Amino acid sequence: MAIEVFNASLFFNFCNLEAQEFAKKYNLPLTVGSDAHSIEFIGKAYLEISKENLTIENVLEEIRKRNGKISSERISNWEKLGDHLKRNIAKLKNLNRYR
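Residues numbered from 1 in each chain as written. Predicted model: local features only at pLDDT ≥ 70, side-chain atom pairs only at ≥ 80, totals over all residues. Heavy atoms only, no water.

Q: Explanation requested: the nonpolar core in the structure shown.
A: The tendency in soluble globular proteins is for nonpolar side chains to be buried side by side. Counting residues in each nonpolar core, the largest one holds nine residues, listed as Phe6, Ala8, Val32, Phe41, Ala45, Leu47, Ile49, Ile63 and Ile75. Sort the elements by how many residues they give to this core and strand S3 (residues 45-49) lands first, with three residues. Ignoring anything within four residues of it in the chain, the contact list for Ile75 reads Ala8, Phe41, Lys44 and Lys80. Counting residues in each nonpolar core, the second largest holds five residues, with Ile3, Val5, Ala19 and Leu28 among its members. (Core = buried A, V, L, I, M, F, W, Y, C linked by side-chain atoms within 4.5 Å. Buried < 20%, exposed > 50% of the residue type's maximum accessible area, 1.4 Å probe, protein only. Helix = DSSP H or I, 4+ residues; strand = E, 2+ residues; numbered from the N terminus. Contact = heavy atoms within 4.5 Å.)

Spelled out as structure tokens, the structure:
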């Protein structure tokens, strides 16, 4: 088991900080997510593991051993807002299609 302690799509970083404190308090391994809902956000946040040619089992073991580093590219709140608006507009259009 591991906990996501950094989500690149959040507007406010305090949620990430709370998750990091929780993981630390309960000695949990951590993961990171870009939470990409559009192509522009893929890879904006990731857990960097400094080994090469890893199998899935190797990656999971490195996470369990807490050998990952949180890495991310900054995403402005304007970019996040635009992404959230696009997704919500698409949901609304989809809802109207079934009425």
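Q: I keep staring at unusual backbone geometry and nothing clicks. Help me out?
A: Only a minority of non-glycine residues have a phi that is not negative, and only a minority of peptide bonds are not trans. Although it is not a glycine, Asn27 adopts a positive phi angle of roughly 55°. Structurally, Asn27 can be placed in the loop between helix H1 (14-25) and strand S2 (30-33). Among the residues examined, Asn27 registers a relative accessible area of 55% and is labelled exposed. Of note in this structure, Arg66 is not a glycine but carries a positive phi near 65°. Tracing the chain through its elements places Arg66 in the loop between helix H2 (56-64) and strand S4 (68-72).

Q: Help me out: how do you make sense of the pattern of salt bridges in this one?
A: Enumeration over the complete set of coordinates arrives at five salt bridges. Between Glu73 and Lys44 there is a salt bridge, and its shortest N-O distance comes to 3.3 Å. With Glu73 in the loop between S4 and helix H3 (77-97) and Lys44 in the loop between S2 and S3, the pair connects residues that are 29 residues apart, well separated along the chain. Across the pair Glu61 and Arg64 runs a salt bridge whose closest N-O atoms are separated by 3.9 Å. On the criterion of helical spacing, the pair formed by Glu61 and Arg64 is a turn pair, its members being three residues apart in helix H2. (Salt bridge = Lys/Arg side-chain N within 4 Å of Asp/Glu carboxyl O.)

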